[in-house]
Structure formats: structure tokens, C-alpha cells
Amino acid sequence: MQITINDVELRVDNSLMRTYVAAPVAAGKYPGILLYSEIFQLTGPIKRSVERLAGHGFVVAAPEIYHRIEKPGIAIPYDDIGRMWGNEDALQTPLSAIDADCRATLDYLAGHSQVQTEKIGTMGFCIGGHLAMRAALQPEVKAGVCCYPTGVHNGKLGSSTNADTITRLGEIKGELLVVFGEVDPHVPPEGRRIVGEALKAVGVNHQVKIYPAEHAFMRDEGPRYDSACADAVWAETVALFKRVLG
């Protein structure tokens, strides 16, 4: 399916939140997906993920998560300096800002001319996996894919060390796919156990899948990339969104 791509200007708390949007060219109504990046913002791998998903028949919107700190268009490099940079930006981002950005992007999708407003999903990677799980707390989100979500098990998100995501999981009404790498040091086995048991305890319709891979194994750049595992997750992702969102 051919797609269009655009940089959209959204305003949140009087801050310009550049949002990368991809949508099918063909006229019609499609499900909408809020997609969250890693700490590095809208890099090449993240934009390709947006475009890949849109090509399966979705309108996908990916906001810059550090728009209150960085100028529009800043993509942080995948190196040690970039890691420090991205983590420092995260530490300056309060939960209230994260939730406001989520609401603004969901509202944008709801008002998009090609989006079926009752069919909304979310997806994210690393910190974005946590953001996607948090977005799933919103009642209109019917499906979510959370790829190696960091900080859910220990309450670390943005500037908060006691984020309430895990204690609010019972608010999730949609279906979740949660994906981890088996040798991911950022979400160790105990962390994965905590997340899985918390979802099960409150009756969220979910699957937790663990792949023989590292953290960020779906990033199609650099030595951590595992194309076989990534392809498997993408197949699961599209199948979930197609089944739940139509």
C-alpha cells in the first residue's frame, strides 16, 4: 500500500510538538496508531517503523517526545553521547507533560480525516514501550504493542521515579502485546516477571513474548538488530492491529 508522509505541527502547553505522520494514499477510513520512539526521538529506524506500519493500512502518528526541550527535527545519535543526551532529556520530562502529549496526539488522530475514531491503537519502543503502555490507559485505545518497555517494573519514567503506570494497569480496556529481549539488561527477568504478573492480576487481555535477542533488537541499525526476531514481532503486531482494529 502506498503512503504519504508529513511533518505535522501540534501545540501542547504552548510548545510546538512536531509529529511525523504516515497514512495510506488511497481514500478511505483507517485505524489510527500512536507510535512512540526510543529516547533518541524520530531517527531513521523510527520513521521507517512509522512508514512500515502505515503501509499495512494504518494512519500512524509519532510525536517528538522532547519537544519542550529540543528544537523541532532533533534526532539524537545512536552513540554513547546520544544515550547520555536522551536520558538527560527524559529526566527533564515530567509525567504531566508525557500525559498531555499523549492526549494531544490521540486527539489529533481522532480528528484526522482518514481515521476511524473508534479504532485507535498504540505502539512504542524502549521508553516508548512504556509510553505506549501508559497510552493504553486511555479508554479509546483498543490495542497496544509495547516493545521492551523500560521503567514499568520499577516506576521510572521521565523525571519520575515512582510513575504509577503499573498500579493503573486495571484501567486498560484494550488488548496488549508486550515484547522483551531475553538478554535485555534494561528489563531483566525479574522486571519482566513483575510486568507480566501485574497485567495478569488485573485481568488485562495480553500476551508477553520473549525473544532470544538484546534490548532494541527491532532497531534496524547497529549490532543489536535481529532481523528474524524483528520480523516475527512485526508479523504479530500487524496481526493484532488487524484483528482488533480491523
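In what follows, the accompanying structure is described.

With 13 residues, helix α5 (residues 189-201) extends 18 Å between its outermost C-alpha atoms, agreeing within 8% with the 18 Å of an ideal straight helix rising 1.5 Å per residue. Residues of α5 that are buried: Gly 191, Arg 192, Val 195, Gly 196, Ala 198 and Leu 199. For α5, the arc enclosing every buried residue in end-on projection is 160°, short of the 170-degree limit, so these residues lie on one face. Residues of α5 that are exposed and angled more than 90 degrees away from the buried face: Pro 189, Lys 200 and Ala 201. At its buried positions, α5 is contacted by α4 (127-135), β7 (175-181) and β8 (205-211). Among the residues trailing α5, Gly 203 stands out with phi positive, at a value near 75°.

Glancing now at the sheet that holds strand β1 (residues 3-12). Spatial ordering of the open sheet is given by β1-β2-β4-β3-β5-β6-β7-β8, a layout of 8 strands whose pairing is mixed. Every other strand in the sheet has two partners, leaving β1 and β8 as the edge strands with one partner each. The sheet shows a mean angle of 20° between the axes of neighbouring strands, direction not considered. Note: β1 against strand β2 (residues 15-24), 10 bridges, orientation antiparallel.

What follows covers the pattern of salt bridges. For the structure shown, the criterion picks out 20 salt bridges. Across the pair Arg 68 and Asp 101 runs a salt bridge, and its minimum N-O distance is 3.0 Å. Of this pair, Arg 68 sits in the loop between β4 (59-63) and α2 (80-91) while Asp 101 is found in helix α3 (residues 95-111), placing the two residues 33 residues apart along the sequence. Note that Arg 193 is salt-bridged to Glu 197, the shortest N-O span being 2.7 Å. One end of the pair, Arg 193, and the other, Glu 197, are both in helix α5, 4 residues apart, so they sit about a helical turn from each other. Given the relative accessible area of 44%, Glu 197 is considered partly exposed. Connected through shared salt-bridge partners, Asp 99, Arg 134, Asp 164, Arg 168 and Glu 171 make up one network.

What counts and how
- Residues numbered from 1 in each chain as written.
- Predicted model: local features only at pLDDT ≥ 70, side-chain atom pairs only at ≥ 80, totals over all residues.
- Heavy atoms only, no water.
- Helix = DSSP H or I, 4+ residues; strand = E, 2+ residues; numbered from the N terminus.
- Expected span 1.5 Å × (residues − 1).
- Buried < 20%, exposed > 50% of the residue type's maximum accessible area, 1.4 Å probe, protein only.
- Arc of directions from axis to C-beta.
- Contact = heavy atoms within 4.5 Å.
- Pairing = 2+ DSSP bridges.
- Axes fitted to C-alpha atoms, helices over the stretch in contact; angles between N-to-C directions.
- Salt bridge = Lys/Arg side-chain N within 4 Å of Asp/Glu carboxyl O.

Everything listed is a geometric property; what it means functionally is a separate question.
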